[in-house]
Amino acid sequence: MKKFFAVNVNQYVESLNFEVYYPSSLDYPKDQSVTFLSEQNINKNNIFEKCRNCLIFWPQNYTVPQAIKEKHAIVLCYDPHLRFCQFFQENKIDNIPFKEKYRLTDGAYIGENSQIGTNVLIQPGAYISGETSIGDNSYIGCGVKIIGKVTIGENVIIRENAVIGADGLTTDRDEAGKPVKMPQFGGVVIENNVTIGANTVIARGAIDDTIIGAETSIDNCVFVSHNVKVGKRVFIVGESILFGSSEVDDNTMISGNSTIRNGVRIGRNALVGMGAVVTKNVGDESTVKGNPAK
């Protein structure tokens, strides 16, 4: 597993002496990682019994179970997510894509370490990072930019000037109102038979990957933010926005110019009407429309 940094936890808990190497989420906790537990997820704290030697920013109003305290370095704080973001700032950690060697093929810039399948057409002006893999029979249009760790399946079409793997935006501020940015460490996974329209942007995950399920079609000028999970056979029509950590289940239709709030889940076989602003979870087989969507 790639180590992104090496920070000793004794600057946060003086009695302990081990290093953490990467961020991790509640979905996929890892040994020797830095992570956080928010108040709304406090009931999931037992996940930390499955790993060890983590630096965990913990809500100060909640007791740390002894079994977890014995395995990890715990920092009690008012806002664990903000404190988690400040960790990277304090240790001067970023994850800006590095300059890499590439080959120029038919006018496209292709990272030397990229893995390109058979019968893949890459048009002039495209840029493919060295951490990218592309499956057989896929199409990459003119001006497409694929940045960082991106896995693309077979028979995928990515239309002109799309950007895959851009950083998402973090919106935390410290007590003085100064923005506190969190580096983005995840990637993007695009499964088989997906179509992505021109000028669409799909951001990489903050920690884990942004995922676009098989046979999904995303129209032109759509924005899919970090950590979003889109299921299989989904339609997302032009100028729609899916904000961070939202989820769309299989066979759902997101009509044009819709906005999905961060963290909201849209159920299976649902329909989101044109121009809807979705601020609450939408159940399976449901239809919602309007602002706010009902």
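Our subject is the structure that appears above.
Just so it is clear, the structure is predicted and the values come from calculations on it, not from any experiment.

> Provide a residue-level description of helix 2 (residues 80–90), including the pertinent values.
Judged by how many residues are buried, helix 2 sits mostly within the fold: eight of eleven residues are covered. Regarding helix 2, the residues found buried are Pro80, Leu82, Arg83, Phe84, Cys85, Gln86, Phe87 and Phe88.

> Just give me the short version of the pairing of strand 8 (residues 108–111), but keep the residues and values in it.
As defined by bridge partners, strand 7 (residues 102–105) adjoins strand 8 across four bridges and the pair is classed as antiparallel. The partner of Thr105 across the bridge, within strand 8, is Ala108. Counted along the chain from strand 7 to the antiparallel partner strand 8, the turn is two residues long, and its residue Asp106 has a positive phi close to 50°. Inspection of the sheet shows strand 8 paired to strand 11 (residues 127–128) by two bridges, in the parallel sense. Each bridged residue has a counterpart across the sheet, and for Ile110 the counterpart in strand 11 is Ile128.

> Pulling in residues and values, what's your account of the layout of surface pockets?
The computed volume of the largest pocket comes to approximately 1200 Å³. Taken together, 36 residues make up the lining of the largest pocket; nearest its centre are Phe36, His81, Asn227, Gly244 and Ser245. In terms of residue class, the lining of the largest pocket is made up of ten nonpolar, 17 polar and nine charged. Counted as a void, the second largest pocket has a volume near 330 Å³.

> Lay out the nonpolar core with the relevant residues and their values.
Among the nonpolar cores identified, the biggest contains 42 residues, and Ile140, Ile146, Ile158, Ile164, Ile190, Ile266 and Val278 are the most heavily contacted of them. Elements with a minimum of two residues in this core: strand 8, strand 15 (150–152) and strand 20 (188–190). Those residues within four positions of Ile190 in sequence are excluded, and the remaining contacts are Thr151, Ile152, Gly153, Val156, Ile158, Ile164, Ile196 and Ile212. Formed by 25 residues, the second largest nonpolar core is a distinct cluster that contains Val20, Ile93, Met182 and Ala206.

> Let's hear about the sheet that holds strand 4 (residues 33–36): which residues, and what values?
To summarise the sheet geometry, strands pair through backbone hydrogen bonds and adopt either a parallel or an antiparallel arrangement. Spatially, the four strands line up as an open sheet ordered 3-4-5-6, and their pairing is parallel. Each of the sheet's edge strands pairs with one partner strand only, and the pair in question is strand 3 (22–23) and strand 6 (73–77). Bridge analysis of strand 4 against strand 5 (residues 55–59) gives three bridges, and the strand direction is parallel. Across the sheet, Val34 pairs through a bridge with Leu55, a residue of strand 5.

> How would you sum up the pattern of salt bridges? Please name residues and give values.
As enumerated under the stated definition, the model contains eight salt bridges in all. Here Lys149 makes a salt bridge to Asp209, at a shortest N to O gap of 3.6 Å. A residue pair is termed long-range when its members are at least 10 positions apart, and Lys149 in the loop between strand 14 (145–146) and strand 15 and Asp209 in the loop between strand 22 (201–203) and strand 23 (210–212) qualify at 60 residues. Residue class for Lys149 comes out partly exposed when judged on its relative accessible area of 39%.

> Lay out the sheet that holds strand 30 (residues 253–254) in plain terms, naming residues and giving numbers.
Ordered in space as 10-13-16-21-24-27-30-33-35, the nine strands form an open sheet in which the pairing is parallel. A strand with exactly one partner marks an edge of an open sheet, and here the two such strands are strand 10 (121–122) and strand 35 (287–288). In this structure, strand 13 (residues 139–140) lies alongside strand 16 (residues 157–158), joined through two bridges in parallel fashion. Bridged to Tyr139 within strand 16 is Ile157.

> Now, about the environment of Met182: what can you tell me, with residues and values included?
By the secondary structure assignment, Met182 is in the loop between strand 19 (179–180) and strand 20. Using a relative accessible area of 8% as the deciding quantity, one classes Met182 as buried. Along the chain, Met182 and Thr170 lie twelve residues apart, while their C-alpha atoms are 6.2 Å from each other. Apart from the residues lying within four places of it in its own chain, the contact partners of Met182 are Phe84, Cys85, Phe88, Thr170, Ala206 and Ile207.

> Outline the packing of aromatic side chains, supporting the account with residue identities and numerical values.
Within a pair of aromatic rings, the relevant descriptors are the distance that separates the centres and the angle that separates the planes. Summed over the entire model, instances satisfying the criterion amount to 13 aromatic pairs. Measuring from centroid to centroid gives 6.1 Å for Tyr21 and Tyr22, while their planes differ by 65°, and the two rings are edge-to-face. Taking relative accessible area as the criterion, Tyr21 reaches 14% and is therefore assigned buried. On the accessibility criterion, Tyr22 (11% relative accessible area) is buried.

Rules behind the numbers
Residue numbers run consecutively from 1 along every chain, following the written order of its sequence. Local features in this predicted model are restricted to residues whose pLDDT is 70 or higher, and side-chain atom pairs enter the listing and the counts only when it is 80 or higher, whereas totals over whole chains, interfaces and linings include all residues. With hydrogens and water set aside, each side-chain value is computed from the structure's full complement of heavy atoms. Three labels apply to residues, based on accessible area from a 1.4 Å probe with only protein chains included: buried if under 20% of the type maximum, exposed if over 50%, partly exposed otherwise in between. Labels follow the DSSP assignment, with helices taken as runs of H or I lasting at least four residues and strands as runs of E lasting at least two, numbered in each case from the N terminus. DSSP bridges decide pairing: two strands pair if at least two such bridges lie between them. Each cavity reported here is a set of points on a 1 Å grid over the protein atoms alone in which a 1.4 Å probe fits but cannot get out, each pocket an open set with protein on both sides within 12 Å along at least five of seven lines, and each lining residue one with an atom within 4 Å of a point. Grid points are joined across faces, edges and corners, and a volume is the space filled by probe spheres set on the points. The classification used treats Ala, Val, Leu, Ile, Met, Phe, Trp, Tyr, Cys and Pro as nonpolar, Asp, Glu, Lys and Arg as charged, and all other residues, Gly among them, as polar. What we call a nonpolar core is a set of buried Ala, Val, Leu, Ile, Met, Phe, Trp, Tyr and Cys residues that are connected through their side-chain atoms within 4.5 Å. Residues are treated as being in contact if the distance between any of their heavy atoms lies within 4.5 Å. Just to be clear on terms, a salt bridge is a Lys or Arg side-chain nitrogen sitting within 4 Å of an Asp or Glu carboxyl oxygen. The rule is short: rings of Phe, Tyr and Trp, with Trp giving its six-membered ring, pair when the centres are within 6.5 Å, and they are stacked under 30 degrees, edge-to-face over 60, tilted in between.

Keep in mind these values describe shape, not function.
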